[in-house]
Structure formats: C-alpha cells, structure tokens
Amino acid sequence: MKSLWKDEDAREYVERFKAAGEDVALRVYTSRLIGRDPALVMHGGGNTSVKGTFRNLLGDAVSAIFVKGSGWNLDSIEPPGFPGLDLEYLKRLRNLPALDDTEMVNQLRTHMFDAAGPNPSVETLLHAFLPHKFIDHSHADAILALTNRPDGESVVRELYGDRIGVVPYVMPGFDLAKVCAEVLENNPRVEGLVLLKHGLFSFGESARQSYDRHIALVTTAEQWLERERKRGLTPRFDAPAEAATLCARVAPVLRGLLAEATGEPDQPWRRMVLEWRASDEILDFVNAAEFEKLALTGPLTPDHVIRTKSLPMIVAEPDFDNIAEQLQEAVTAYRRIYNAYFDDCVRRKGVQRIRLDDYPRVVLMPGVGMLCWGATKKDARIAADIYEHTIRVKTLVHASGEYEALPEGDLFDVEYWPLEQAKLGKSRPKPLAGQVAIVTGAAGAIGSAVCECLIEAGAQVVAADINAERLAETCDELAQRHGKDSRRGVVCDVTDEASVAALFDECARLYGGVDVVVPNAGVAHSRPLDELEPEDFKRVMDVNATGYFHVMRQAAKVLRAQGTGGNIIVIGSKNVPAPGAEFAAYSASKAAGHQLARVAALELAKDGVRVNIVAPDAVFGDGGHASGLWAEVGPDRAKAHGIDFAQLEEHYRNRNLLRARVTGRHVGNAVVFFASNRTPTTGASLPVDGGIANAFPR
Ligand SMILES: [Zn+2]
C-alpha cells in the first residue's frame, strides 16, 4: 500500500479550509486519503480525529477534540464533519467504573461546542483517552487478514514487535476506550494499536505522521501475507451456463422467497432489491472446493453484521433444473438457524431485544456469484461492497492459515446493539419502497413522468425505450433529481419478443425481479380508413397491441415465478371508449391493449397480480419532454379536427369538462395509485382526461 500524501495537495487543503485552521484542514486531507481506499475503509468503517483548542464566545481557549461525525464518509468529509467536543471533560469520564452506550452518546452530545453538529463517532472516547494529536482508525483488509485466525495474536506480536500494542477484542464503546488507553500506557512509544478482529489505530504529532504510519503498518501486514501465501483455492464447480444467464433465472425466484409476509391484505409483502456481483474473484470463491467451509464463517469485523448478517445463505450444490425447490429449502433452513441464534443469545445473555427479520442479506451460489439484498439498491450495494472484501480477506487468510471469526455472542452484541435497536421503526417507508418497476416508452412525455412518479413513491425503476439517445437523456435527468441508484436505462424494442425477454432478464440482474410493470411504449398514425396503408396499420398494431402483449406475457412469467403478487398498469387511451375519426390504427390498437389488460386481470388475480388501465387524453409533454407521438401525428390530427396544429393543445383542453391540461405527471399519479394497492381493484380503467362526456362508460 502506497502513501498518497502530496505536499501540494496538502497545501491546497490548508488554503481551501483556511477558516477551519491548518490542523483541521490537514485532518480533512488525510481522512480523505484513507477514506478513498476501500481496502482500508468501507461505509462508515473507520474514523479519525485531531486535538486542538476551541475559542468559545467568552474568549476562553478550551482544549478540544474534533472527531469524525456520523453521516459523513471519510472520502468526502469536510470540516463540519468533525464536531468539536470538550476534551478535558471527556478525559475525566475515564474515572467512571462503567458507562452504558446510551449515556455515553448523551455525554458526547451534551459536550459538543455546536448543538447542531452530527453525532460524534461511537469511538470518540477511545480517541479522547489517547494522548496523541492526530489519530487514524481503519478496518484495513490486511490487518483483519492477520488477526482473524486462531493464532492471530501471536502473528501480530511477532510481526510488529514493539511497533504496536495489541488489544484483545472488546465491543466498541467505553470499555474498549479504557482497554486501549491501558495498552498504550504500558508501552507509550508504539506507533499504533492493532485491535484483534476489529482494525488498526495509528497516531502521530502531525497529520502526515499518523497517516504515513497507518500506511506503513498496513504495508507490513500485506508483505507478510504475500510472503506466507502457500495455497490458493481449488476449482471445483463447473457452471452449466454464464453467470448472467443463471442470475436472471435464479434472482426472481429467490427474491420472492426473501419477501417477508406482512399480514396486511393491501400490502402483503415487504420486498428487497438485489445487487448481483460475479467478478472472477467472486466466482473463483463460490466455485471452489473450499467454498462451503470458508463461506460459513463469520464476518471480518462485527460492525459488518448490521449490513450482511453474521452468515451468508449458501446453496452449495445448485441444480439449476430444480433450483426453486433448493432455494426454498435453503431459505427455510437459514431462517431456522437465524432464529435459533437469536433465541440462544437472548437466553444466555438474559437480555430483551427486538427480533430483526430472519432473511439473509448475502446469498452465495456456485455458478451465479454473490446476490446481496437490501431494502434499497444502496443498502444492497453496501452489503455487496462489504462482502466482496470479506471474500478477498477469507481467500487471503486461507492462503496462509485458517480463518477464524468472533464467536456469535460478540456478533449478537453488535447486531442487537441497543443504539441500533433504538432506530427501529423510526422511519416510515414510502409506499413503493423495495419494489421494482419497468416502464416501457420511458423516454417519452408520459413514460418519463411515470418513471419520476414511481421513483418518488420509493420504487426502483428500469426505464426502457427504443431510442437510446433520448433514454440516456431521461435517465440523466432522473439521476440528477433522484440519485443514480433510482433508475437504470435499458434499450428495448417491444415489437421483438427476444428484446422484451432480455429487458426482464436485465431487470432481474439489476434489482432481482419486478413488481410493477407499465406497458406504455406506443406510436400513432392518423389517416382516414380508405387512405390508411396496411403497413402503417400493422406498424401501429405491432407496437401498441403486440408490444403490450409481449410485455404483459413476460411480466406474467416473472411475477408468477416470484410469487409475491404485483401490478400491471397498462397505459390505455380515452380513444377506447370514445374513438376519434381518421385514427383507426391507434384506436384499434389501444382497444386491444385494454382488452389484454382485462384478460390478464382475470388470469392473474389468483397470483395476487392486479391489472388496471390508465386512460389519458392528449398528453402533449411536461417540461423538457415534448411528446414524440404528438410531434408525429399532431399535424394530421389537427387537420382531422379542422384546426391549425398550433391550436391543437388548446383544442384538447377545451373539450374536457374541467378544461384541464392533462400532463404526464397526472398519468404517473394514477399509476402510483394502482401500484400502491390503495383499493382492492383489478380490471378497472381510470380516465385521466379532464372529464370527457362521450367517453363515460355506457
Ligand atoms: Zn472501528
């Protein structure tokens, strides 16, 4: 591992964060250097601090510690990410015989200089009890590879000698802070502390000294691991197909099995979304003879359990022809073992805790790779990042010895930490949280607005369109407003059955399956019947009728495989109850769409799938999204109504009862209404047209 320190960068930070003072500016700089390397720090797995003085309103100089606050990542931290605290007071806390975590957090918060600052790290007291000016802490892969073995302590002592102090495993909090301070006092000249099965602390009088020592200590570990490497993994499993193909087959079935039944009739499932990974390193691991033995060991460091649970679920011998049965058995066994672990720990420890759900977050399968799950894509990605490192470190340990994790009682203490338990039930999920939606024709005026409304309601969206360029623009806009995890774009031609199947496969690989399907891609053509060319009629039918059929057919397959219900919401048209002259192809094709929806409602009700129709009239466009359909047929439609094209939008507005301008967002709101199961409704059509009397049902 190389030091990334550069004098010119350091100077630039001192200049940029001048207002915070040189020490904090350099603290920001080296914290980012550490945070930038995932082999050191991942998703909140490290923290840093600097000591100095704080001048209060009365002009007193108070000795202070500035320590990483929660909610900030080291790779992008700024001075406000280091809340300042009264150091002298914190040091006196060491005299207490005990301090529980809730009171510790209270003590930290009430001794901050800025009441609005973020919560200081739970390892703040550890930083405060050590005398050094700069302190850097990471959960470096190489250090964990050294300590997570039965002989970890002797390996560490032999390798580092007097350079470091060795701290046995103690859960983070007041007790660990005291133990670390004692270890240091026994040998005050050490450059750092290795915390067995936890990580590394380094310290120094300057930001650079502490950082450089950190890198040097990790490098020593890396070199030892390299020197001691004696064996690799033994290839064993021969996959019958590409991992991507197998993933598309397995993911929706698995996703269905991992959905938690809520007992609520309108929202019967709590679903999770997938992050699938199958790098060579991951496939080598899951396909190896040592896979089962290594996978069924605990995490690298206990704070990972919150993201990954203590064990992954594995299917050691997948038979892809009977995979549904195998997965069912594996999930049942996993849940049974998890509940036994919970019951056993609460009984042994004599504590009361709120039981967390018993579903795995990491599923490992030979041939397929790693399937990680979370309530959101971001959560799933964090679990995957952590487990990728877990695979790397376990492989590394195997090369020179045996892997050993902490006993499950220690893992339980972190998974069921009272501070984590206090967060439960605090947030109210959005109506479509954990759900995945496919929208076709997503780059158009209606499609893009439907995507946006679904994202706002909490869904993960796969935006599909035939026009790659417009799709990319739509996806960029959605990402700007809602973040990059909110959507993925997939180019798809709905007239091509294979292209539609590929869309659903891609959706399965991206998110694990699908819950809400919105067939929306459509074209129009305006001609009197005697002038309507057969190929134009066929083209419109191909997209609007056959296209809807392809999408609904594929949706039915995936929704059934998942077994957790779902919604299909067909974008129909006011033209079905009230057709327009010189609009035969469009009106006929939309009528086919409505009728397909009704038949699907009949067939899929027993699977818990609801199929409804939203029937808008004349959506011209929202903001940047002009309707491609209207650009194409607008002039002809204007002619059919005997008016100028420029008057067309006004014409449609004036013909409805509410004089409403119908927008894509109106259609999106109707889609979200159906997708949220707010009423027990299927086979219905909801007009979004401002009220058209001659389209009233008859
Ligand atoms: Zn830590």
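Scoring rules and cut-offs
Within each chain, residue numbers correspond to sequence positions counted from 1 in written order. Only residues with pLDDT of 70 or above have their local features reported here, since the model is predicted, and side-chain atom pairs are shown and tallied only from 80 upward, although totals for entire chains, interfaces and linings are computed over all residues. The numbering of helices and of strands both runs from the N terminus, where a helix is a DSSP run of H or I of at least 4 residues and a strand a run of E of at least 2. Here a residue counts as buried when 20 or more other C-beta atoms fall within 10 Å of its C-beta, as exposed when 12 or fewer do, and as partly exposed in between; the C-beta atoms come from the backbone. Remark: residues whose backbone-derived C-beta atoms lie within 7 Å of one another are considered to be in contact. DSSP-based pairing: two strands are paired if at least 2 bridges between them are found. For helices, the fitted axis covers only the stretch in contact; all axes are lines through C-alpha atoms, and the angles between them, taken along N-to-C directions, range from 0 to 180 degrees. Crossings are classed by handedness, with left-handed meaning an anticlockwise turn of the near helix from the far one by less than a right angle and right-handed meaning a clockwise turn. Delimitation of the domains relies on an automatic or database domain assignment. Take the number of residues in a helix, subtract one, and multiply by 1.5 Å to get its expected span. Summarising the geometry, the arc corresponds to the directions from the helix axis toward the C-beta atoms. Residues of type Ala, Val, Leu, Ile, Met, Phe, Trp, Tyr and Cys that are buried and joined through C-beta atoms within 7 Å form what is called a nonpolar core. Each angle is binned into one of four classes, with values under 35 degrees roughly parallel, values over 145 roughly antiparallel, values of 65 to 115 roughly perpendicular, and all other values oblique.

A. Molecular detail of the overall build of the protein. For the protein, the count of helices and strands is 25 helices and 22 strands. With the C-alpha coordinates aligned to their principal axes, the bounding extent of the protein is approximately 95 × 65 × 50 Å. Relative to its 698 residues, the protein shows a buried fraction of 49%. Look at the contacts in the protein between residues 6 or more apart in sequence, and 74% of them connect residues 24 or more apart.

B. How the structure looks around the sheet that holds strand 5 (residues 164–167). The strand order 3-2-1-4-7-6-5 describes an open sheet built from seven strands, whose pairing is mixed. With partners counted over all chains shown, the strands left at the sheet margins are strand 3 (84–86) and strand 5, one partner each. In this sheet, neighbouring strand axes are inclined to one another by 25° on average, regardless of whether the strands run parallel or antiparallel. Here strand 5 pairs with strand 6 (residues 192–195) via four bridges, running parallel. Bridging from a neighbouring strand, V167 pairs with L195 of strand 6.

C. Layout of the pairing of strand 7 (residues 199–204). In terms of burial, strand 7 is largely enclosed, as six of its six residues are buried. Because side chains alternate across strand 7, one face comprises the buried residues G199, F201 and F203, and the other comprises L200, S202 and G204, equally buried. Alignment of strand 4 (residues 134–138) against strand 7, held across five bridges, turns out to be antiparallel. The residue of strand 7 that forms the bridge with S138 is L200. Where strand 6 meets strand 7, four bridges bridge the pair, whose relative direction is antiparallel. By the bridge assignment for strand 7, L193 is matched with F201. Remark: three residues form the turn of the hairpin made by strand 6 and strand 7, two consecutive strands paired antiparallel; K197 in that turn has positive phi of roughly 55°.

D. Seen up close, the packing of helix 10 (residues 243–257) against helix 14 (residues 323–349). At a minimum axis distance of 10 Å, the contact between helix 10 and helix 14 shows a crossing angle of 35°. Where helix 10 crosses over helix 14, the two elements pack in a sense that is right-handed. Each of V250, V253, L254 and L257 in helix 10 lies in contact with helix 14, whose residues at this interface are I323, A324, L327, Q328 and V331.

E. Examining the domain arrangement of the protein more closely. When its domains are assigned, the protein resolves into domain 1 (7–228), domain 2 (243–421) and domain 3 (436–626 + 661–688). Its C-alpha centre places domain 2 at a distance of 34 Å from the equivalent point of domain 3. Listed per partner, the contact involves 19 residues of domain 2 and 18 residues of domain 3. Taken together, the elements giving at least two residues each to the side of domain 2 that touches domain 3 come down to helix 10, strand 10 (273–277) and helix 15 (377–400).

F. Highlighting the environment of G84. Here G84 is to be found in strand 3. Taking C-alpha positions, G84 is 45 Å from D280, a pair spaced 196 residues apart along the chain.

G. Geometry of the sheet that holds strand 15 (residues 460–465). The sheet built from seven strands is open, its strands ordered 16-15-14-17-18-19-22 with parallel pairing. With one partner strand each, in any of the chains shown, strand 16 (487–491) and strand 22 (685–688) form the two edges of the open sheet. Taken over all neighbouring pairs, the strand axes of this sheet differ in orientation by 20° on average, direction set aside. Lying over the sheet, helix 19 (residues 468–482) contacts strand 15 and strand 16, oriented at roughly 180° with respect to strand 16. Helix-sheet contacts for helix 22 (residues 584–604) involve strand 18 (566–571), strand 19 (609–616) and strand 22, and the interaxial angle to strand 19 is about 160°.

H. Seen up close, helix 8 (residues 174–186). Relative to the 18 Å expected for 13 residues at 1.5 Å per residue, helix 8 spans 19 Å between its end C-alpha atoms, a close match to the ideal helical length. Where helix 8 is concerned, the buried positions are F174, L176, A177, K178, C180 and L184. Tucked inside the fold, the buried residues of helix 8 contact helix 4 (101–109), helix 5 (124–129), strand 5 and strand 6.

I. Molecular detail of the pairing of strand 10. Burial runs high along strand 10: five of the five residues are buried. The side-chain alternation of strand 10 yields two buried faces, one formed by V273, E275 and R277 and the other by L274 and W276. Sheet analysis places strand 10 next to strand 13 (residues 369–374), joined by five bridges and oriented antiparallel. Note that in strand 13 the partner of V273 across the bridge is G374.

J. Region of the structure containing helix 19. When the terminal C-alpha atoms of helix 19 are compared, their 20 Å separation across 15 residues agrees well with the 21 Å that a helix rising 1.5 Å per residue should span. All of the buried residues along helix 19 are L471, T474, C475 and L478. Considered in projection along helix 19, the buried side chains sweep an arc of 100° and stay on one side of the axis. Exposed and facing more than 90 degrees away from the buried side of helix 19 are E469 and Q480. Its buried side turned inward, helix 19 meets helix 18 (445–456), strand 15 and strand 16. Count one or two residues on from helix 19 and you reach G483, which has phi positive near 90°.

K. Structural detail: unusual backbone geometry. Within the chain, R659 stands out as a residue other than glycine whose phi angle is a positive 55°. As for its position among the elements, R659 is in the loop between helix 24 (648–654) and helix 25 (664–675). In this model, N677 sits at a positive phi of 55°, which is unusual for a non-glycine residue. Position of N677 relative to the elements: it lies in the loop between helix 25 and strand 22.

L. Region of the structure containing the nonpolar core. Ranked by internal contacts, the top residues of the largest apolar core, which has 194 residues, are L454 and V671. It is helix 15 that provides the largest number of residues to this core, a total of ten residues. Ignoring any residue separated from it by four or fewer positions in sequence, one finds L454 in contact with L432, A437, A459, V461, V516, V671, V672 and A675. Listed in part, the eight residues of the second largest apolar core include A405, L406, L411 and Y416.

M. Seen up close, the packing of helix 1 (residues 7–16) against helix 2 (residues 22–35). It is the contact of helix 1 with helix 2, at a shortest axis distance of 8 Å, that shows an interaxial angle of 130°. One way to sum up the angle between helix 1 and helix 2 is to call them oblique. Here helix 1 and helix 2 pass one another in a crossing that is right-handed. In contact with D9, A10, Y13 and V14 of helix 1, helix 2 contributes E22, A25, L26, V28 and Y29.

N. Fine view of the environment of P616. Take P616: it is sitting in strand 19. Linking P616 and G690, residues 74 residues apart in sequence, is a C-alpha distance of 8.8 Å. Apart from residues no more than four positions distant in its own chain, P616 is found in contact with I446, S573, K574, V662, V667, V688 and D689.

O. Structural detail: the environment of V611. Tracing the backbone through its elements, the reader meets V611 in strand 19. When the C-alpha atoms of V611 and V105 are compared, they prove to be 50 Å apart, with 506 residues separating the residues in sequence. Excluding residues that lie within four positions of it along the chain, V611 makes contacts with I568, A597, A600, A601, L604, T682 and G683.

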